[in-house]
Amino acid sequence: MQSQREKLAKPFAQVWTEADYRASAPAKLIVCGEHAVVYGQPAIAVALSDIRARSALSCGPRGSGPQIIAHDLQTVWNRETAADNPLLQLVERTLEQLEVAERDLEISFSSEIPIASGMGSGAAIATALVRVLAAYAGRELRAGEISAMVYASEQRFHGTPSGIDNTVVAYEQPIWYQRPPAQPDGTRPAPSIESLQISAPFSILIGDTGIRSATHRPVGAVRERWQKQPERYNRLFDQIGAISAQIRSCLASGDHKALGALLDANQKLLGQIGVSLPKLNQLVRAARNAGALGAKLSGAGWGGVMFALVTPESRDAVRQALLDAGAARVLETLVGVPS
């Protein structure tokens, strides 16, 4: 029987090649509408199909039960060492739902998605795990079923998630998301989620600040400011909502120049809300100066990532500018290509 050290020492690329079953899931990116979406305004989110989390499954030693081998974290989770681990519990519940009796499994995963960056890393890993377990069980799960399973897992461990991450990741398509604000009694109506048309794919560079920030911190800070100055913040949220509607039209028409200007306008409002850090501002400014059509932070802010809309002519210059400005890494992807 292999030791934990031996399991973790094997490169994930080799594990992936040798595995009996394989599955993956994409990253997600919020294009516009951050923070305002909490107050009833729309947001647009897209799947990044070539930035992915991957999971590989093979049968394990008899009596071992399910084990998750997290190669990026150099950690092994099993019933004895981490029974309350969220991903291990998701695996257990998924196996129950799939009515799988044989559970001596080794499930490895690795992800290209920055952790705690607003790019849906957790939802992508969870979706990849559910997909690989479904493959093992010989089941074809619909995207809606996978989305619901991942959302239920996030609910158990993260309170009340928005539903954006699991929806975008499981369906692998861009969405228009809007959730009415909470009612006076505290209840929240179901969100409206619509598929979104992108008529002309566009290239972006994602600059990772290397600064990790839990989503609840900036969200909580914005709520405190909104409570103190509701009129001011409601005006800002309304303006962001209007920009999201305009961006939707740009995506449908393929007007990338107008899209870039709207991204810049959204970033300015996010700065006024107070969720952009000097490091984010520095990367956004560097991208624009190097020829990006537009740039903004993505996600909750106070760290995480920003992205820049680029053309083939500006791509290399913007990439170098982001690195020179201190980006921990730069990812490139094409948005709007059918998965």
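Everything below is about the structure printed above this text.
Note that the structure is predicted; figures quoted are calculated from it, not measured. (Residues numbered from 1 in each chain as written. Predicted model: local features only at pLDDT ≥ 70, side-chain atom pairs only at ≥ 80, totals over all residues. Heavy atoms only, no water.)

**Points about the pattern of salt bridges**
Counted according to the given criterion, the structure contains 16 salt bridges. A salt bridge links Arg212 to Asp208, with the shortest nitrogen-to-oxygen separation between them at 2.8 Å. Taking the relative accessible area as the measure of exposure, Arg212 reaches 38% and is therefore partly exposed. In the salt-bridge network here, residues are joined through shared partners; they are Arg315, Asp316, Arg319 and Glu332. (Salt bridge = Lys/Arg side-chain N within 4 Å of Asp/Glu carboxyl O. Buried < 20%, exposed > 50% of the residue type's maximum accessible area, 1.4 Å probe, protein only.)

**Overview of the pairing of strand β1 (residues 21–32)**
Burial analysis of β1 places ten of its twelve residues in the buried class, which makes it a mostly covered element. Sheet topology note: the β1/strand β2 (residues 43–59) ladder contains eleven bridges and is antiparallel. Within the sheet, the bridge partner assigned to Ser24 lies in β2 and is Arg54. (Helix = DSSP H or I, 4+ residues; strand = E, 2+ residues; numbered from the N terminus. Pairing = 2+ DSSP bridges.)

**Concerning the pairing of strand β8 (residues 202–208)**
A regular strand places its side chains on the two faces of the sheet in alternate fashion. Counting buried positions along β8 gives six out of seven residues, so the element sits mostly inside the fold. In the sheet, β8 pairs with strand β11 (residues 329–335) via seven bridges, with the strands oriented antiparallel. Bridging from a neighbouring strand, Asp208 pairs with Arg329 of β11. Summarising the sheet, β8 and strand β10 (residues 305–310) pair through six bridges and their orientation is antiparallel. Its bridge partner lying in β10, Asp208 is registered against Val305.

**Re the packing of aromatic side chains**
Scanning the model with the defined rule gives six aromatic pairs in all. Ring geometry for Tyr39 versus Trp226: centroids 5.0 Å apart, planes at 50°, classification tilted. Taken together, the residues span a long stretch of sequence, with Tyr39 in the loop between β1 and β2 and Trp226 in helix α8 (residues 216–228) at a distance of 187 residues. Overall, Trp226 belongs to the partly exposed group, its relative accessible area being 23%. Aromatic ring contacts, followed pair by pair, group Tyr39, Trp226, Tyr233 and Phe237 into a single cluster. Stacked on the ring of Tyr233, the Lys or Arg Arg232 has its end atom at 5.1 Å from the ring centre. The ring of Trp176 has Arg248 lying over it, and the distance from NZ or CZ to the ring centre is 4.6 Å. (Phe/Tyr/Trp six-rings, centres within 6.5 Å; stacked < 30°, edge-to-face > 60°. Lys NZ or Arg CZ within 6 Å of the ring centre and 35° of its normal.)

**Some thoughts on unusual backbone geometry**
Here Glu99, not a glycine, exhibits a phi torsion of approximately 60°, which is positive. Structurally, the position occupied by Glu99 is in the loop between α4 (86–97) and β5 (105–111). Its identity as a non-glycine residue notwithstanding, Glu172 has a phi of 50°, on the positive side. The residue Glu172 is located in the loop between α7 (164–171) and β6 (175–178) in this model. Assessed through its relative accessible area of 14%, Glu172 is described here as buried.

**Section: the environment of Gly138**
Mapped onto the fold, Gly138 is located in the loop between α5 (121–137) and α6 (143–158). Expressed as a C-alpha distance, the spacing of Gly138 and Val100, which sit 38 residues apart in the sequence, is 10.0 Å.

**Structural notes on the environment of Leu88**
For Leu88, the location among the structural elements is in helix α4. With 81 residues separating them in the primary sequence, Leu88 and Lys7 have C-alpha atoms 17 Å apart. The residues touching Leu88, leaving out its near neighbours within four places in the chain, are Pro66, Ile68, Trp77, Asn78, Arg79, Ala82 and Ala83. (Contact = heavy atoms within 4.5 Å.)

**Regarding helix α9 (residues 230–253)**
The end-to-end C-alpha distance of α9, which contains 24 residues, comes to 35 Å, matching closely the 34 Å that a straight helix rising 1.5 Å per residue would cover. When we look at burial in α9, the residues that qualify are Tyr233, Leu236, Phe237, Ile240, Gly241, Ile243, Ser244, Ile247, Cys250 and Leu251. Once α9 ends, the next one or two residues include Gly254, with phi positive near 80°. (Expected span 1.5 Å × (residues − 1).)

**A word on the sheet that holds β8**
An order of β9-β10-β8-β11 is seen for the four strands of this open sheet, with the pairing classed as antiparallel. Whereas interior strands pair on both sides, the edge strands pair on one side only; in this sheet they are β9 (294–298) and β11. The average angle at which neighbouring strand axes cross in this sheet is 25°, direction not considered. (Axes fitted to C-alpha atoms, helices over the stretch in contact; angles between N-to-C directions.)

**Topic: the nonpolar core**
Counting residues in each nonpolar core, the largest one holds 94 residues, and the members touching the most others are Leu48, Ile206 and Ile247. When residues of this core are assigned to their parent elements, the largest contribution, eleven residues, is made by α5. If we ignore the near neighbours within four places in the chain, the residues touching Ile247 are Val31, Cys32, Ile44, Leu259, Leu262 and Leu263. Counting nine residues, the second-largest nonpolar core is a separate cluster that includes Ile30, Ala47, Ile164 and Tyr177. (Core = buried A, V, L, I, M, F, W, Y, C linked by side-chain atoms within 4.5 Å.)

**Structural notes on the side chain of His35**
Note that His35 resides in the loop between β1 and β2. Residue classification places His35 among the buried positions, given a relative accessible area of 6%. Sequence-distant contacts of His35, that is, excluding residues within four places in its chain, are made with Pro218, Val219, Val222, Phe237, Leu270, Val275, Gly299 and Ala300.

**Some thoughts on the packing of α9 against helix α10 (residues 256–273)**
Interaxial distance between α9 and α10 falls to 10 Å at its minimum, and their mutual angle equals 165°. Of the possible angle classes, the one that applies to α9 and α10 is roughly antiparallel. Viewed along their axes, α9 and α10 form a crossing whose handedness is left-handed. The segment α9 lies against α10, with Arg232, Tyr233, Leu236, Phe237, Gln239, Ile240, Ile243, Gln246, Ile247, Cys250 and Leu251 engaging Ala258, Leu259, Leu262, Leu263, Ala265, Asn266, Leu269, Leu270, Gln272 and Ile273. Counted by class, the contact of α9 with α10 contains 16 nonpolar, four polar and one charged residues. (Parallel < 35°, antiparallel > 145°, perpendicular 65-115°, else oblique. Left-handed = near helix turned anticlockwise from the far one by under 90°. Nonpolar A, V, L, I, M, F, W, Y, C, P; charged D, E, K, R; others polar.)

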